[in-house]
Amino acid sequence: MYNGVVFSRNYTFNPGVACFLLGPRGTGKTFWLHKLYPQAVFVDLLEARTFNELAADPQRLGRICEAAPRDLPVIIDEIQKLPALLDEVHRLIETRRTWFILTGSSTRKLRRSGVNLLGGRAIVKHFHPLTAAELGGAFDLAKALRYGLLPTLYDPEQRVGPDDYLQGYLLAYLKEEVAQEGLTRNLGAFARFWEAASLSQGQPLNMTEVARECQIHRKLAESYFGVLEDLLIGVLVPAFQRRARRRVMQHPKFFLFDAGVFRAARPRGALDSAEECEGAALETLVLQHVRALLAQRGYPGELSYWRTTTGLEVDFVIYDKDSFTAIEVKRKRSPVARDFSGLKAFASEYPEARRIMLYGGEHEEMVDGIRLVPIRTGLANLDRLLFPAP
């Protein structure tokens, strides 16, 4: 919300088609579904009574569905809390063609306990924080870089300051998602790992270095990164290696999913430069916009990065039959020659790729086949930028 206005989220659902709607907590999944389907039946598994009743008698879901409008979905919130309920969901899809939307903020139990039980009868959509296009005139680049784009931060009725909200958000994940779900035996070690992981934001992942930093074994660090991915708050961006002639990096880059969450998680000390943190936050902000757009479009292609062993780099590569685009992100208002070296090297390998630089200036320009676009303009018009009309 912004001055009492509910932002329209750019997510749609096919009537009658079962869907998993997955996204980190706090991204507004439930709020948006309530606005989209105010007359639908909602089954909230965070409500203790509902959880206990369905855990004891999953077939009660069928009786709930009998009273539901046939032309609206039955929405089950936080399905990962009770994966065994998917057996009954599967039965109701098969026997009654009930339309379900199942939200979740973790894939760990679902992957282990039941997504496959639906036999491919449900599609998967991913829900993300707000975007510049969704915020419209309410989008503030400086605020987004500092606090991110979780919807609560844009609610005028929110009484908690953004710094306190984000610290509470991280604490809630540690206590309610990591500790209560038994994802680690040592919460202190995981908290240290979380801080160490934030120092790797936007960097090729060095598992050994992270493990050394938080004083845990490498295998444990690998499992912790897996936990962050399962909770949908950690993102691994793979290296682009198609038809590579140069020697390129193979390790994925790591990101926390939102610029504000990253800033809240990252420890700051006297030796930390503001530029380093700002650069990683900007790259994260671009990444979360690209991920949101691809999810909204149902895009099946690849999102990756490209980096040679000699240090030439392109921040993001989008590759599919409909789009092959390389994106470089620069805070500078006036890029210099060396700032174009990564995109130029990429062009020598892949001349068919479109090349875009999102930068801190005010005007669009073309420089040696590279399209320079102001960051604010680029984020607000990302769809047309990445997928121009033929």
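It should be noted that the structure appears before, not after, this text.
Residues numbered from 1 in each chain as written. Predicted model: local features only at pLDDT ≥ 70, side-chain atom pairs only at ≥ 80, totals over all residues. Heavy atoms only, no water.

Q: I'd like a description of unusual backbone geometry, backed by residues and values.
A: With the exception of glycine, the majority of residues adopt a negative phi angle, and the majority of peptide bonds are in the trans configuration. Despite not being glycine, Arg-97 shows a phi value in the positive range, around 55 degrees. When its relative accessible area of 70% is taken as the criterion, Arg-97 is described as exposed. (Buried < 20%, exposed > 50% of the residue type's maximum accessible area, 1.4 Å probe, protein only.)

Q: Describe empty space enclosed by the protein, naming the residues involved and giving the relevant values.
A: Inspection of the entire model under this criterion finds 2 cavities of 30 Å³ or more. There is about 40 Å³ of room inside the second largest cavity. Taken together, Asn-10, Tyr-11, Thr-12, Lys-125, His-126, Ala-295 and Gln-296 make up the lining of the second largest cavity. Among the secondary structure elements, those contributing two or more residues to the lining of the second largest cavity are strand E5 (122-126) and helix H13 (274-297). (1 Å grid on protein atoms, 1.4 Å probe; cavity = no way out; pocket = protein on both sides within 12 Å on 5 of 7 lines; lining within 4 Å. Points joined across faces, edges and corners; volume = space filled by probe spheres on them. Helix = DSSP H or I, 4+ residues; strand = E, 2+ residues; numbered from the N terminus.)

Q: Give a description of helix H8 (residues 162-179) that names residues and reports values.
A: Given 3.6 residues per helical turn, the α-helix brings residues three or four places apart onto the same face. The end-to-end C-alpha separation of H8 is 24 Å, in line with the 26 Å expected for 18 residues at 1.5 Å each. The complete set of buried residues in H8 reads Tyr-165, Leu-166, Tyr-169, Leu-170, Ala-172, Tyr-173, Leu-174, Glu-177 and Val-178. On its buried side, H8 packs onto helix H7 (141-147), helix H9 (187-198) and helix H12 (259-265). (Expected span 1.5 Å × (residues − 1). Contact = heavy atoms within 4.5 Å.)

Q: Lay out the sheet that holds strand E1 (residues 18-22) with the relevant residues and their values.
A: Pairing between the strands of a sheet is mediated by backbone hydrogen bonds and can be parallel or antiparallel. Strand order in the open sheet formed by 5 strands is E2-E3-E4-E1-E5, with parallel pairing between adjacent strands. The open sheet terminates on both sides in strands that have one partner only, identified here as strand E2 (41-44) and E5. Along the sheet, successive strands turn relative to each other by an average axial angle of 20 degrees, direction set aside. Where strand E3 (residues 74-77) lies against strand E4 (residues 100-104), 3 bridges are found, and the strand directions are parallel. Looking across to E4, one finds that Ile-75 is bridged to Ile-101. Along the sheet, helix H1 (residues 29-36) contacts E1, E2, E3 and E4; its crossing angle with E4, the most-contacted strand, is approximately 155 degrees. (Pairing = 2+ DSSP bridges. Axes fitted to C-alpha atoms, helices over the stretch in contact; angles between N-to-C directions.)

Q: I'd like a description of the pattern of salt bridges, backed by residues and values.
A: Where side chains of opposite charge bring their charged atoms close, a pairing between them can arise. The full count for this structure, using the stated rule, is 22 salt bridges. Notably, a salt bridge pairs Lys-253 with Glu-313, separated by 2.5 Å at the nearest N-O pair. Taken together, the residues Lys-253 in strand E8 (residues 253-256) and Glu-313 in strand E10 (residues 313-319) connect sequence positions 60 residues apart. Judged by its relative accessible area of 1%, Lys-253 falls in the buried class. (Salt bridge = Lys/Arg side-chain N within 4 Å of Asp/Glu carboxyl O.)

Q: Any chance you could break down the packing of H9 against helix H11 (residues 218-230) for me, citing the residues and the numbers?
A: Interaxial distance between H9 and H11 falls to 11 Å at its minimum, and their mutual angle equals 80 degrees. Between H9 and H11, the crossing angle belongs to the class labelled roughly perpendicular. Along the contact surface, H9 presents Ala-189, Phe-190, Phe-193 and Ala-197, while H11 presents Ala-221, Tyr-224, Phe-225, Val-227 and Leu-228. Here the contact of H9 with H11 is built from residues that sort into 9 nonpolar, no polar and no charged. (Parallel < 35°, antiparallel > 145°, perpendicular 65-115°, else oblique. Nonpolar A, V, L, I, M, F, W, Y, C, P; charged D, E, K, R; others polar.)

Q: Give me the sheet that holds strand E7 (residues 234-237): which residues, what numbers.
A: Pairing is antiparallel in the open sheet, where 3 strands are placed in the order E6-E8-E7. Two strands in the sheet have a free side with no partner beyond their single neighbour: strand E6 (203-204) and E7.

Q: Any chance you could break down the nonpolar core for me, citing the residues and the numbers?
A: Among the nonpolar cores identified, the biggest contains 78 residues, and Phe-190, Phe-193, Trp-194, Val-290 and Leu-386 are the most heavily contacted of them. Counting residues in hydrophobic clusters, the runner-up holds 25 residues, among them Leu-45, Leu-85, Ile-93 and Phe-100. (Core = buried A, V, L, I, M, F, W, Y, C linked by side-chain atoms within 4.5 Å.)

Q: Would you mind going over the packing of aromatic side chains in detail, with residue names and values included?
A: Within the structure shown, the criterion is met by 21 aromatic pairs. For the ring pair Phe-240 and Tyr-350, a centre distance of 5.3 Å and an interplane angle of 75 degrees mean the geometry is edge-to-face. Of the two residues, Phe-240 sits in the loop between E7 and E8 while Tyr-350 sits in the loop between helix H14 (341-349) and strand E12 (354-359), which places them 110 residues apart along the sequence. Of the two residues examined, Phe-240 and Tyr-350, each falls in the buried class. On the basis of an interplanar angle of 75 degrees and a centroid distance of 5.9 Å, the ring pair of Phe-324 and Phe-346 is categorised as edge-to-face. (Phe/Tyr/Trp six-rings, centres within 6.5 Å; stacked < 30°, edge-to-face > 60°.)

Q: Break down the pairing of E3 for me, with residues and values.
A: Every second residue of E3 is oriented toward a common face, with Val-74 and Ile-76 on one face and Ile-75 and Asp-77 on the other, all of them buried. Here 4 bridges tie E2 to E3, and the two strands are oriented parallel to one another. When the sheet's bridge partners are listed, Val-43 is paired in E3 with Ile-76. Taking the sense of rotation as the criterion, the β-α-β connection linking E3, helix H4 (residues 85-96) and E4 turns out right-handed. (Right-handed = clockwise from strand over helix to strand, strands pointing away.)

Q: An account of H9 is requested, with residue identities and associated values reported.
A: The terminal C-alpha atoms of H9 lie 17 Å apart, and with 12 residues this matches the ideal 16 Å at 1.5 Å per residue to within 8%. Looking only at H9, the buried set comprises Ala-189, Phe-190, Phe-193, Trp-194, Ala-196, Ala-197 and Ser-198. Residues of H9 that are buried sit in contact with H8, helix H10 (207-213), H11, E8 and H12.

Q: Give me the lowdown on the pairing of E12, citing residues and values where you can.
A: Working note: regular strand, side chains alternate between the two faces of the sheet. Here E12 lies mainly inside the structure; 5 of its 6 residues are buried. When strand E11 (residues 324-329) meets E12, the two strands line up parallel, connected through 5 bridges. For Thr-325, the partnering residue across the bridge sits in E12 and is Arg-354. Regarding the hand of the β-α-β motif, the stretch spanning E11, H14 and E12 is right-handed. Pairing between E12 and strand E14 (residues 370-374): 5 bridges, direction parallel. Bridging from a neighbouring strand, Tyr-359 pairs with Pro-374 of E14.

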